[in-house]
Amino acid sequence: MERLLILNPGSTSTKIAVYDAEKPLFTESIVHTPDELAPFDRVADQYEFRKELVLKCLGEHGVALDSLSAVVSRGGLLTPIEAGAYEVNDDMVWQLKNKPQNEHASNVGAMIARSISLELNIPAYIYDGVTVDELTPINKITGLPALRRKGMGHNLNTRAAALRYAREQGRDYKDVTVIVAHLGGGISVNLHHNGKVEDFINDEEGPFSPERAGGLPMFDVIKMCFSGEYTYQSMMKLVKNQGGLMAHLGTTDSRDVEKKIAEGDTHAKLIYDAMALNVAKNIGKLAPGVYGKLDAILLTGGIAYSEYFTKAVTEYVSFLAPVVVYGGENEMESLALGGLRVLRGQEKAKTFVKTEEPGF
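Here the structure is a predicted model, which is why all the values come from computation and not from measurement.

Novice: Tell me about the nonpolar core, residues and numbers included.
Specialist: Core analysis: the biggest nonpolar cluster contains 34 residues, and Leu5, Leu58, Val71, Met92 and Ile126 have the highest contact counts within it. Those elements that provide at least two residues to this core are β1 (3-9), β2 (13-20), β3 (23-31), α2 (47-60), α3 (90-98), α4 (106-120) and β6 (124-127). Element by element, the count of residues in this core is highest for α4, at six residues. For Leu5, the residues in contact, after removing those within four places along its chain, are Ile16, Ala17, Val18, Val54, Leu58, Leu68, Ala70, Val71, Val72 and Ile116. Core analysis: the second largest hydrophobic core is formed by 33 residues, Ile261, Ala280, Leu286 and Ala304 among them.

The structure is reproduced here in structure tokens:
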């Protein structure tokens, strides 16, 4: 039996699932209160706390540890990696503890996975980590040599959507060319071509979203930074957590916005329609990289459940290629399917090597 433990630590929760092959046995999200997390200075310090909760959850669901075949975790903020599976090894744990790209709860996932794998003598993997960066050299260039574009973002869900599309078309992933837009709290758009994510517009330079400010007029941003009104931390909070729909409409829930629109709120409609147009414009920006020769445009993520929003985006971009909608983030399933491909020999897990280099 192929039984996989799936781990997906987030900033305020730890999502846990067990899959028997493609079938979920259970999925649970354990919420962590601010008081529970307050004693930990760094994300890495939460390792024991979160691991105990994982083991407790397995016990409550009657899952014996010795029944597990493998552990698959969401990838943390490593140095740039390729897409696909990586075996969780000591080098990866060292990187996440000592030299991560940033502090993020997902860093703890691999630590827990490594510990459980050693105790049970089973493999542990990450799949399509946050820091997958396969941009071609020409797509990394910016107007300043010191600043380079990067692929860091919603790789897990967007690549899962591209793999699903290829599977449904009876084709190999490497033989399809698709643009995928992840529509969630942050919005990113990427180009899949020749079996790689060749270009990527992430949520710091792309569309504004429920929480993110997205791409902004740079001169005005520089002026704000030096106005004396903001610190580095407050500016980052402004563009990452207080931008987009939150800044304009006081909510990050697209359902609330659509309710306002249905009640005749013309301002809410203007902002929401502008977000859809922003998504469409950024989809269009990626098309020249493949001379407009696309098989499809895929819309995924939580907001992809919205008929209003996906219809608006589709109307803008359908001249480029057919639009296919895959609602939901599907992160747990994506991790499980990735782990199964490795266990079944359909894909080989790569080896991570630690580095002192800064990465991105």
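Novice: How would you summarise unusual backbone geometry if you had to cite specific residues and measurements?
Specialist: A positive phi is found at Ala21, a non-glycine position, where the angle reads about 55°. Tracing the sequence through the fold places Ala21 in the loop between β2 and β3. Backbone geometry at Asn121 places phi at a positive 60°, although glycine is not the residue there.

Novice: Describe the sheet that holds β1, with residues and values.
Specialist: Pairing is mixed across the open sheet formed by seven strands, whose spatial order is β3-β2-β1-β4-β6-β5-β12. The open sheet has two edge strands with one neighbour each: β3 and β12 (350-351). In this sheet, β6 lies alongside strand β4 (residues 70-74) in parallel orientation, the contact comprising four bridges. By the bridge assignment, Val71 is partnered in β6 with Ala124. Across the sheet, α4 lies against β1, β4 and β6, angled at about 150° from β1, the strand it touches most. Relative to β1, helix α13 (residues 331-343) is tilted by about 135°, and along the sheet it contacts β1, β2, β3, β4, β5 (85-87) and β6.

Criteria and cut-off values
- Residues numbered from 1 in each chain as written.
- Predicted model: local features only at pLDDT ≥ 70, side-chain atom pairs only at ≥ 80, totals over all residues.
- Heavy atoms only, no water.
- Core = buried A, V, L, I, M, F, W, Y, C linked by side-chain atoms within 4.5 Å.
- Buried < 20%, exposed > 50% of the residue type's maximum accessible area, 1.4 Å probe, protein only.
- Helix = DSSP H or I, 4+ residues; strand = E, 2+ residues; numbered from the N terminus.
- Contact = heavy atoms within 4.5 Å.
- Pairing = 2+ DSSP bridges.
- Axes fitted to C-alpha atoms, helices over the stretch in contact; angles between N-to-C directions.

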